[in-house]
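Structure at a glance
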Amino acid sequence: MRHVMALVGSRGDVQPALAVALELRRRGHEVVTGVAPNLLPLAQRLGLDPVPLGIDSAALLGSDLVRRDMRSARPVRRVRALRAVAAAGWDELRTGLTALLDDVGGADTVVTGLLGQEVAAAVAERRGLRTAALHYCPVRANGVVSPVSGVRGPRATRTAWVLGERVRWSLTRRAENAQRAALGLPGTRVHLPTRLREAGGVEIQAYDPALVPGLAAEWGPRRPFTGFLALDDAARARLGESGSGPDAGLDAWLDAGDPPVYVGFGSMPVADPPALVAAAEAACAELGVRALVSAGWNDFSGAHGTDGRRVRLVGAVDHAAVLPRCRAAVHHGGAGTTGAVLRAGLPAVVGWYSADQPLWGDLLRGAGVGVARRASTLTRPGVLTGALAEVLDDATAARAAALGARLVPAARAVAAAADAIDGGTRD
């Protein structure tokens, strides 16, 4: 079988799918990997011979469109920004994926993530190929997990999802039909979830069913649950991330005191790094803990910690290696980071920005292993300190450890995702 991966977005969107690509290749399939241009080095270090698809995701996340317009106080500007971001890079993805399929002489399956799946599915439809989509959170109508905080009950939850799908379709319909026209496909009035279901596509739920009890039974085999996806130790070693990371002194710092609180927001833009570091310092002083602050994709060069004994600043770290040596985590609530924090058995403060992040905050709060705050509030006096105080207790730590022990192991999750793609090519 030949599987073409069309993976755009941030590292958190792409890396879990690369774990599946490696597993498919281990099984003897031919895997052709297309990734966002800025993530080519990541896939190259894994030995996947990637090609660039779509646009630079780091540039998009750092753009005025995301940093300013999507947060505008003016509703019209916010809606325009949402529409633009929803379809950002679609032209480049369409032309790149079409050219890639031409170069390799076709495929059996197009595998995509949540971002860009409208375009990937349209290209697959044009070529008569099966689509397999990796979803890192619930994004389809259901009566179990509410997309809106405070909405409770199956009927209200399902209604909220249906309204959300209508809004999404209203934002993307024009752009999606423009892509279909460019491919020679007729326009459609039917949104993507219905079209994928009718076409026999599979939507793989790449997160743990323990957090959404009842959802697997509601959705059935076309939306199989796998668990959170992660690279194995050998792949992490190829990335140079099998230890604590490039900071040579980090191991010694971790060993020199109590397990710290991890603070990191990955690819999300931290508006004021010095203020975040100051908030971490204040929380450490008040609560008597240490903090490991990771810059992720941000520039923390203007932020200066204390003498380094209580607060340490680092770049990107290997979550699988570092988080088990911590006692709690403050993060943005991306699915990949959420999975890593849960696997490490840590309680969490989710400082959310947008997309699925508030949902993960609600799910962790509902499980009794976390609290959620808007990311922009964490630098206000006392907010981070108060949020951490809510999760740094023995009962929350015990619940987090118990939940972590129940999660599907990463190797089994990756194998299940590969099984779903294999099965999608056979039925």
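These remarks concern the structure in this document.

Rules and cut-offs
- Numbers given to residues run from 1 along each chain, matching the order in which its sequence is written.
- A pLDDT threshold of at least 70 governs which residues receive local features in this predicted model, and a stricter bar of 80 or more applies before side-chain atom pairs are shown or counted, although totals over entire chains, interfaces and linings include all residues.
- To get the side-chain values, take all heavy atoms of the structure and skip hydrogens and water.
- Like-charged residues are merged into a patch within 9 Å and nonpolar side chains (Val, Leu, Ile, Met, Phe, Trp, Tyr) within 5 Å, provided each residue has over 30% relative accessible area and no salt bridge.
- Note on areas: these come from Shrake-Rupley sampling with a 1.4 Å probe, and a residue is covered only by the protein chains present in the view.
- Any carboxyl oxygen of Asp or Glu within 4 Å of a side-chain nitrogen of Lys or Arg constitutes a salt bridge here.
- Counting rule applied: Lys, Arg positive; Asp, Glu negative; His and chain ends not counted.
- A single reference atom marks each charge: NZ on Lys, CZ on Arg, CG on Asp, CD on Glu.
- By definition, any uninterrupted DSSP run of H or I lasting at least four residues is a helix, any uninterrupted run of E lasting at least two residues is a strand, and each is numbered from the N terminus.
- Remark: nonpolar core denotes a set of buried residues (Ala, Val, Leu, Ile, Met, Phe, Trp, Tyr, Cys) joined through side-chain atoms within 4.5 Å.
- Relative accessibility thresholds used throughout: buried, under 20% of the residue-type maximum; exposed, over 50%; partly exposed, between the two (1.4 Å probe, protein chains only).
- Whether two residues touch is decided by their heavy atoms; if any such pair falls within 4.5 Å, the residues are in contact.
- Note on pairing: two strands pair once DSSP finds at least 2 bridges between them.
- Here a crossover is taken to be right-handed if, once the strands point away from the viewer, the path from the first strand over the helix to the second is traced clockwise.
- Pairs of N or O atoms within 3.5 Å make up the polar contacts considered here, provided that, within protein, one atom can donate a hydrogen while the other can accept it, and that residues adjacent in sequence are counted only when both atoms are side-chain atoms.
- To get an axis, a line is fitted to the C-alpha atoms, and for a helix only the part in contact is used. The angle between two axes follows their N-to-C directions and goes from 0 to 180 degrees.
- Expected span, for any helix, means 1.5 Å times one less than how many residues it has.
- By convention, the crossing between two helices is left-handed when the near helix turns anticlockwise from the far helix through less than a right angle, and right-handed when the turn is clockwise.
- Note on residue categories: nonpolar means Ala, Val, Leu, Ile, Met, Phe, Trp, Tyr, Cys or Pro, charged means Asp, Glu, Lys or Arg, and polar means any other residue, Gly included.
- Here, a disulfide means two cysteine sulfur atoms that sit within 2.5 Å of each other.

A surface patch of like charges, here positive, comprises Arg83, Arg173, Arg174 and Arg189. Turning to its location among the elements, Arg174 is positioned in helix 8 (residues 154–182).

Moving on: the nonpolar core. Nonpolar side chains in soluble globular proteins tend to end up buried together. By size, the foremost hydrophobic cluster in this structure holds 76 residues, and its most contacted members are Leu18 and Leu229. Ranked by residues supplied to this core, first place goes to helix 1 (residues 11–26) with eight residues. With residues up to four places along the chain from it excluded, the contact list for Leu229 reads Pro16, Val20, Leu134, Tyr136, Ala206, Ala413, Val414 and Ala417. Core analysis: the next-biggest nonpolar cluster, separate from the first, contains 30 residues, Val263, Met268, Leu388 and Leu392 among them.

In this section: the pairing of strand 2 (residues 30–35). Among the six residues of strand 2, five are classified as buried, and the element is accordingly described as predominantly covered. By the bridge criterion, six bridges tie strand 1 (residues 2–7) to strand 2 in an arrangement that is parallel. Bridge assignment links Arg2 to a residue of strand 2, and that residue is Glu30. Read as a crossover between parallel neighbours, the route from strand 1 over helix 1 to strand 2 is right-handed. Where strand 2 and strand 3 (residues 51–52) come together, two bridges link them in parallel fashion. Along strand 3, the bridge assignment pairs Val35 with Pro52. The β-α-β motif built from strand 2, the intervening helix 2 (residues 40–45) and the parallel element strand 3 has right-handed crossover chirality.

Here we come to the side chain of Asp356. Relative to the helices and strands, Asp356 is located in the loop between strand 11 (348–352) and helix 16 (357–366). Despite its burial, Asp356 remains without a salt bridge, the nearest opposite charge being carried by Arg168 at 11 Å. A distance of 3.1 Å separates a polar atom in the side chain of Asp356 from a polar atom in the side chain of Trp360. Once residues within four sequence positions are removed from consideration, Asp356 is found in contact with Cys137, Gly333 and Ala335.

A few words on the sheet that holds strand 8 (residues 291–294). As summarised here, the arrangement of the six strands in space is 9-8-7-10-11-12, forming an open sheet in which the pairing is parallel. Among the strands making up the open sheet, the edge pair consists of strand 9 (311–314) and strand 12 (370–374). Ignoring strand direction, the axes of neighbouring strands in this sheet form an average angle of 15 degrees. Across the sheet, helix 13 (residues 273–287) lies against strand 7 (261–264), strand 8 and strand 9, angled at about 150 degrees from strand 9, the strand it touches most.

An α-helical turn contains 3.6 residues, so a residue and the one three or four places further along point in the same direction. Between its first and last C-alpha atoms helix 13 spans 21 Å; for 15 residues at 1.5 Å apiece the expected length is 21 Å, and the two agree. Within helix 13, burial applies to Pro273, Ala275, Leu276, Val277, Ala279, Ala280, Ala283 and Cys284. Looking at the buried positions of helix 13, the neighbouring elements they touch are strand 7, strand 8, strand 9 and helix 17 (383–391). Gly288 lies just past helix 13 and shows a positive phi near 70 degrees.

Attention shifts here to the environment of Asp64. Along the chain, Asp64 turns up in helix 4 (residues 64–67). You can call Asp64 partly exposed: its relative accessible area is 46%. In sequence terms Asp64 and Ala81 are 17 residues apart; their C-alpha atoms lie 9.7 Å from each other.

The next point concerns the packing of helix 7 (residues 117–127) against helix 8. Running from N to C, helix 7 and helix 8 point in directions that differ by 40 degrees, and their axes come no closer than 10 Å. Remark: the crossing between helix 7 and helix 8 carries right-handed chirality. Residue-level contacts link Glu118, Val119, Ala122 and Glu125 of helix 7 to Arg168, Glu176, Gln179 and Arg180 of helix 8. Of the residues in the contact of helix 7 with helix 8, the class split is two nonpolar, one polar and five charged.

Bringing the pattern of salt bridges into the picture now. Going through the model one piece at a time under the given rule, you end up with 19 salt bridges. One salt bridge in this structure joins Asp422 and Arg27, with 2.8 Å as the shortest N-O distance. One end of the pair, Asp422, is in helix 19 (residues 410–426); the other, Arg27, is in the loop between helix 1 and strand 2, and 395 residues separate them in sequence. The shortest N-O distance in the salt bridge between Glu125 and Arg180 comes to 2.9 Å. On the criterion of sequence distance, the pair formed by Glu125 in helix 7 and Arg180 in helix 8 is long-range, its members being 55 residues apart. Relative accessible area serves as the criterion here: at 40%, Glu125 is assigned to the partly exposed category. One network of salt bridges, with partners in common, ties together Glu23, Arg26, Arg27, Asp419 and Asp422.

This next bit is on the state of the cysteines. Per the stated rule, a full pass over the model turns up zero disulfides. In this structure Cys284 is a free cysteine whose sulfur lies 12 Å from that of Cys326, the closest cysteine sulfur available. The exposure class of Cys284 is buried, given its relative accessible area of 2%.

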